Amino acid sequence: MALIVQKYGGTSVGTVERIQSVAERVRKTVKENNSVVVVVSAMGKTTDGLVKLAYDISPNPCQREMDMLLSTGEQVSIALLSMALQEIAQPAISLTGAQVGIVTECDRHMRARILQIKPDRIQRHLGEGRVVIVAGFQGVALSNDEDSEIPDVEITTLGRGGSDTSAVALAAALKADRCEIYTDVPGILTADPRLVPDAQLMSEITSDEMLELASLGAKVLHPRAVEIARNYGIPLVVKSSWEDAPGTTVISPVPFPRPLEGLELVHPVDAVEFDTDQAKVSLLRVPDRPGVAAQLFECIGSQDLDVDLIVQSIHEGNSNDIAFTVAANYLQRAASISEAALPALSTSNSPNPAEVMTEDNIAKVSIAGAGTIGRPGVAAQMFTALAEEGVNIQMISTSEVKVSCVVKAKDCDRAVEILCRTFQVEVHSGQCAISADTPPVRGVALDLKQARLALRNIPDRPGSAARVFQLLADRGVSVDTIIQSQRCRAIGGATARDLAFTVSQEDAQNAKTLLEEVVSEWPQGEVMLDEEVAKVSAVGMGMVHHPGTAAKMFRALSERGINIQTIATSEIKISCIVDRESGIEALQAIHAAFGLGSGEKITSDVYTKPK
Ligand SMILES: Nc1ncnc2c1ncn2[C@@H]1O[C@H](COP(=O)(O)OP(=O)(O)OP(=O)(O)O)[C@@H](O)[C@H]1O
Ligand SMILES: N[C@@H](CC(=O)O)C(=O)O
């Protein structure tokens, strides 16, 4: 007998008829000789309705009361589903997060992380032959008031979309055979079908790729759910609630052994990696117009050179800086190609013409692990540890599973040692086997809920990045797509650089105010906020072995006349910031350029849903 955790989203339990149809599916799974735990979301758009009610009362509602309010949505759907099962003679019991012992952090209402799940009660009910229906998205925090022997029990929620996380966490705690996520699309598609109508269903995707897509805007899975599945090796499948097709399997590597206690908090970093076979080419002051990045990387790609990291920093006036890394023995070729491309890229008669700079003797050091998502303290801890050792960071690249810093080669050993000590992990080769037929791009995603912050004139010395990101981390602000400029300026006898990154729009104003205080201490320091941006990303493990992937993405944008404001890449993703208005067109263009479309329309609406 297998133990299966099934999760049904809001649309899947949006009406009485749909709840009855979910009950039928659950009973069928039981009849196939399985024990079943079901996690449900609130019916339809209930949670949105509750949020609106709160804002009708207060422009700034108390977060504790928000959790009290929002957690009620799931309590309705669990009770109704349990009744529907009992109606068809299937014994069932509904339980809230508190009743199943989902214990979360105390001080983070509305985005609490799960610390522990005590599965005893669920196991007892399963042993009695019942289906256990658990309210998704919620838990309880136990606060430790020293004067009282009994802890205060507070209701918490995990953040919007958090029912996926509840389901996978339960699967981990119960050591379930698999976790099935039922939703209103046939599985994970190459893009959001609401934005790209011919998006195609994937039969499988790796958890690293899915982590990137989920964090970059593909809301079909909550990124923290993928993180738990990856960390605990939980077989995870995403399927349609309306049909019996196999859906998409999310494949996880064999996990490092880890305790269930501190579930979402322990060991955010699995390993420290390094690569000394790196060299950097920077192009300074290239024109800020569509097609420049495409042209440059097409030239590089046509020579079969594999580019590793690419950053294009915020522009100054009407020019950009682009820097990229290649394997050390390709440096001369990459530099010659860039030099040869310069005249075509440059604006004639510029008083300050574009130039190419190269640097060898550099190394890339990285921390790897799924736990960096939404946990701003992890990157900050890395930058602080390096700063304390006097290691200056030249380039930063962040992804959902890795933070990489380019440093001087002579600092590499020290950097690795301090990072291993800081995160209590070992050095890892970082190489994972990727078969030749792995596609360069598995899927694309768009995030319209980001804002870009740029800091000008940050002192180019160890500790500057650490200071900025630690401050944001202390206030719980997650950052993504960090880009440090190549161009240095001499200010007050010292060199200074620019730094740009994205934060969620909700956090943007707060982050700007916090940073204004820091930059005021630096000569000519300045904070700039742009809320009218879109982040469009392509994700695929295969891109490391496909020269020209970046060029193809940049070309797709330039053909539509879309200007790229900044570029940030990691080994498995390329993200571009473009203006907000161009976001959807950019997504569609990239999807088409990589041939991801099926030619057939797959929208949620074409699926025949029960009423
Ligand atoms: N790459 C993608 N593949 C599939 N769906 C995607 C993708 N990117 C975005 N989506 C969107 O995600 C939606 C499914 O997630 P959503 O959170 O709305 O549903 P749910 O989990 O069933 O509901 P709830 O959030 O109430 O639990 C789809 O309808 C689709 O529009
Ligand atoms: N009901 C919650 C949680 C979820 O559906 O996953 C929300 O709408 O965000």
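What you see as residue numbers is a count from 1 along each chain, following the sequence as written. Each chain takes a letter, starting from A, and each ligand takes a number, starting from 1, following the order in which they are written. At least 70 in pLDDT is required for a residue's local features to be given in this predicted model, at least 80 for side-chain atom pairs to be given and counted, and no such filter applies to totals for whole chains, interfaces and linings, which use all residues. The side-chain figures draw on all heavy atoms in the structure; neither hydrogens nor water molecules are used.

As annotated in an unreviewed UniProt entry, the protein chain carries the name aspartate kinase and comes from Roseofilum casamattae BLCC-M143. Here the protein chain is described in UniProt, under the heading Sequence similarities (unreviewed entry), as follows: "Belongs to the aspartokinase family." UniProt positions are given in the numbering used here, feature names are shortened, and annotations may be inferred rather than shown by experiment. Regarding the protein chain, the relevant UniProt record gives this comment under Catalytic activity (unreviewed entry): "L-aspartate + ATP = 4-phospho-L-aspartate + ADP".

Enquirer: Provide a residue-level description of the overall build of the protein chain, including the pertinent values.
Expert: Runs of H or I in DSSP of at least four residues are treated as helices and runs of E of at least two as strands, each being numbered from the N terminus. The helix and strand tally for the protein chain stands at 15 helices and 28 strands. Counting only C-alpha atoms and orienting by the principal axes, one finds that the protein chain spans roughly 80 × 65 × 50 Å. Each residue is assigned to one of three classes by its accessible area relative to the maximum for its type, calculated with a 1.4 Å probe on protein chains only: buried under 20%, partly exposed between the two thresholds, exposed over 50%. Per-residue burial for the protein chain yields a buried fraction of 57% across its 611 residues. Note on areas: these come from Shrake-Rupley sampling with a 1.4 Å probe, and a residue is covered only by the protein chains present in the view. Surface summary for the protein chain: the accessible area is close to 24600 Å², and the carbon and sulfur share equals 50%. We treat Lys and Arg as the positive residues and Asp and Glu as the negative residues; His and chain ends play no part in the count. One atom stands in for each charge, and that atom is NZ of Lys, CZ of Arg, CG of Asp or CD of Glu. Positive and negative side-chain charges of the protein chain, numbering 56 and 78 respectively, have mean locations separated by a distance of 3 Å.

Enquirer: So what's going on with empty space enclosed by the protein? Residues and values would help.
Expert: Points on a 1 Å grid over protein atoms alone make up a cavity when a 1.4 Å probe fits among them but cannot get out, and a pocket when they form an open set with protein on both sides within 12 Å along at least five of seven lines; lining residues each have an atom within 4 Å of a point. Grid points are joined across faces, edges and corners, and a volume is the space filled by probe spheres set on the points. Overall, the coordinates contain four cavities of 30 Å³ or more when judged by the stated rule. Those elements giving two or more residues to the lining of the largest cavity turn out to be α8 (292-302), β14 (307-312), α14 (549-559), β27 (566-570) and β28 (573-579). Taken together, the residues of the lining of the largest cavity break down into eleven nonpolar, six polar and four charged. Roughly 160 Å³ of volume is contained in the second largest cavity. Around the second largest cavity, the lining comprises 19 residues; the ones closest to its centre are Pro 459, Arg 461, Ser 464, Ala 465 and Gln 484. Polarity classes work like this: nonpolar for Ala, Val, Leu, Ile, Met, Phe, Trp, Tyr, Cys and Pro, charged for Asp, Glu, Lys and Arg, and polar for all others, with Gly in that last group.

Enquirer: Describe the packing of helix α10 (residues 376-388) against helix α12 (residues 464-474), with residues and values.
Expert: To get an axis, a line is fitted to the C-alpha atoms, and for a helix only the part in contact is used. The angle between two axes follows their N-to-C directions and goes from 0 to 180 degrees. Here α10 crosses α12 at 150°, and the two axes come no closer than 8 Å. Relative to α12, α10 is oriented roughly antiparallel. For the pair α10 and α12, the crossing hand works out as left-handed. Of the residues in α12, those touching α10 at Pro 376, Gly 377, Ala 380, Gln 381, Phe 383, Thr 384 and Ala 387 are Ala 465, Ala 466, Phe 469, Gln 470 and Ala 473. Any angle that falls under 35 degrees is termed roughly parallel, while one over 145 is termed roughly antiparallel, one within 65 to 115 roughly perpendicular, and all others oblique. The crossing is said to be left-handed when, going from far helix to near helix, the turn is anticlockwise and less than a right angle, and right-handed when the turn is clockwise. Residue contacts are counted whenever heavy atoms from the two residues lie within 4.5 Å of one another.

Enquirer: An account of the site of ligand 2 is requested, with residue identities and associated values reported.
Expert: Here a residue is considered near a molecule or strand provided that any single heavy atom belonging to it is located within 4 Å of it. Residues in contact with ligand 2, as listed here, are Ser 41, Ala 42, Thr 47, Glu 74, Phe 137, Arg 160, Gly 161, Gly 162 and Ser 163. Counting of polar contacts relies on pairs of N or O atoms within 3.5 Å, with two restrictions inside protein: one atom must be capable of donating a hydrogen and the other of accepting it, and residues adjacent in sequence are counted only when both atoms are side-chain atoms. Thr 47 is positioned with one of its side-chain polar atoms (N or O) 2.8 Å from a nitrogen atom of ligand 2. Arg 160 places a side-chain nitrogen or oxygen 2.6 Å from an oxygen atom of ligand 2. Considered on its own, ligand 2 offers 260 Å² of accessible surface; in the complex 86% of this is hidden by protein.

Enquirer: An account of the pairing of strand β22 (residues 480-484) is requested, with residue identities and associated values reported.
Expert: Counting buried residues in β22 gives five out of five residues, a clear majority hidden from the surface. As defined by bridge partners, β22 adjoins strand β24 (residues 494-504) across three bridges and the pair is classed as antiparallel. Counted as the bridge partner of Gln 484 is Leu 499 from β24. In this description, strands pair whenever DSSP reports at least two bridges between them.

Enquirer: Account for the site of ligand 1, with residues named and values stated.
Expert: Lining the immediate environment of ligand 1, one finds 18 residues, of which Ser 41, Thr 183, Asp 184, Asp 192 and Arg 194 sit closest. Within the backbone of Gly 10, an N or O atom sits 2.8 Å from an oxygen atom of ligand 1. One of the side-chain nitrogen or oxygen atoms of Lys 219 is found 2.9 Å away from an oxygen atom of ligand 1. Contact with the protein chains covers 91% of the free accessible surface of ligand 1, which is 630 Å². Class assignment of the residues belonging to the shell around ligand 1 gives a composition of seven nonpolar, six polar and five charged.

Enquirer: Give a description of the sheet that holds strand β9 (residues 178-183) that names residues and reports values.
Expert: Consider a sheet: its strands pair through backbone hydrogen bonds, and that pairing is either parallel or antiparallel. An order of β3-β6-β2-β1-β9-β11-β12-β10 is seen for the eight strands of this open sheet, with the pairing classed as mixed. Looking at strand neighbours, the two that pair on one side only are β3 (92-95) and β10 (204-206), the edges of this open sheet. Pairs of neighbouring strands in the sheet enclose a mean axial angle of 20°, with direction left out of account. Of the strands in this sheet, β10 and β12 (248-251) touch helix α6 (residues 207-215), which is tilted by about 85° from β10.

Enquirer: For the environment of Asn 563, give the residues involved together with the corresponding values.
Expert: Assignment of secondary structure puts Asn 563 in the loop between α14 and β27. Its relative accessible area of 23% is what places Asn 563 among the partly exposed residues. Residues Asn 563 and Gly 97, 466 residues apart in the sequence, show an inter-C-alpha distance of 47 Å. Once residues lying within four places of it in the same chain are set aside, the contact partners of Asn 563 are Asp 288, Arg 289, Pro 290, Ile 577 and Val 578. Engagement of the side chain of Asn 563 in a polar contact is seen with the side chain of Asp 288, the distance being 3.1 Å.

Enquirer: Any details on the packing of aromatic side chains? Residues and values, ideally.
Expert: We call Phe, Tyr and Trp rings a pair once their centres come within 6.5 Å, taking the six-membered ring for Trp, and we label the pair stacked below 30 degrees between planes, edge-to-face above 60, and tilted otherwise. Going through the model one piece at a time under the given rule, you end up with five aromatic pairs. Between the aromatic rings of Phe 297 and Phe 324, the centroid separation amounts to 5.3 Å while the plane-to-plane angle is 70°, which identifies the pairing as edge-to-face. With Phe 297 in helix α8 and Phe 324 in strand β15 (residues 319-326), this residue pair connects regions lying 27 residues apart in the sequence. The exposure class assigned to Phe 324 is buried, which follows from its relative accessible area of 0%. A ring pair is formed by Phe 469 and Phe 501, whose centres lie 5.2 Å apart and whose planes are at 65°; its orientation type is edge-to-face. Highlighted residues: Phe 469 in helix α12 and Phe 501 in strand β24, separated in sequence by 32 residues.

Enquirer: Explain helix α13 (residues 505-519) to me, using residue names and the numbers behind them.
Expert: Expected span, for any helix, means 1.5 Å times one less than how many residues it has. For α13, which comprises 15 residues, the first-to-last C-alpha distance of 21 Å matches the rise-based estimate of 21 Å (1.5 Å per residue) to within 8%. The secondary structure elements touched by the buried residues of α13 are β21 (450-459), α12, β24 and β25 (526-530).

Enquirer: With reference to specific residues and values, describe the pattern of salt bridges.
Expert: Just to be clear on terms, a salt bridge is a Lys or Arg side-chain nitrogen sitting within 4 Å of an Asp or Glu carboxyl oxygen. As enumerated under the stated definition, the model contains 36 salt bridges in all. Linking Arg 108 and Glu 105 is a salt bridge whose minimum nitrogen-to-oxygen distance equals 3.3 Å. Look at Arg 108 and you get partly exposed, because its relative accessible area is 22%. The residue Arg 258 makes a salt bridge to Asp 270 at a minimum N-O spacing of 2.7 Å. Placement of the pair is Arg 258 in the loop between β12 and β13 (271-287) and Asp 270 in the loop between β12 and β13, with a sequence separation of twelve residues.

Enquirer: Outline the pairing of strand β16 (residues 355-368), supporting the account with residue identities and numerical values.
Expert: Bridge analysis of β13 against β16 gives eleven bridges, and the strand direction is antiparallel. Residue pairing for β16: Ser 282 is matched across the bridge by Met 357. Two strands pair when backbone bridges link them, and β16 and strand β18 (residues 402-408) are joined in this way by seven bridges, in the antiparallel orientation. Each bridged residue has a counterpart across the sheet, and for Ile 362 the counterpart in β18 is Lys 408.

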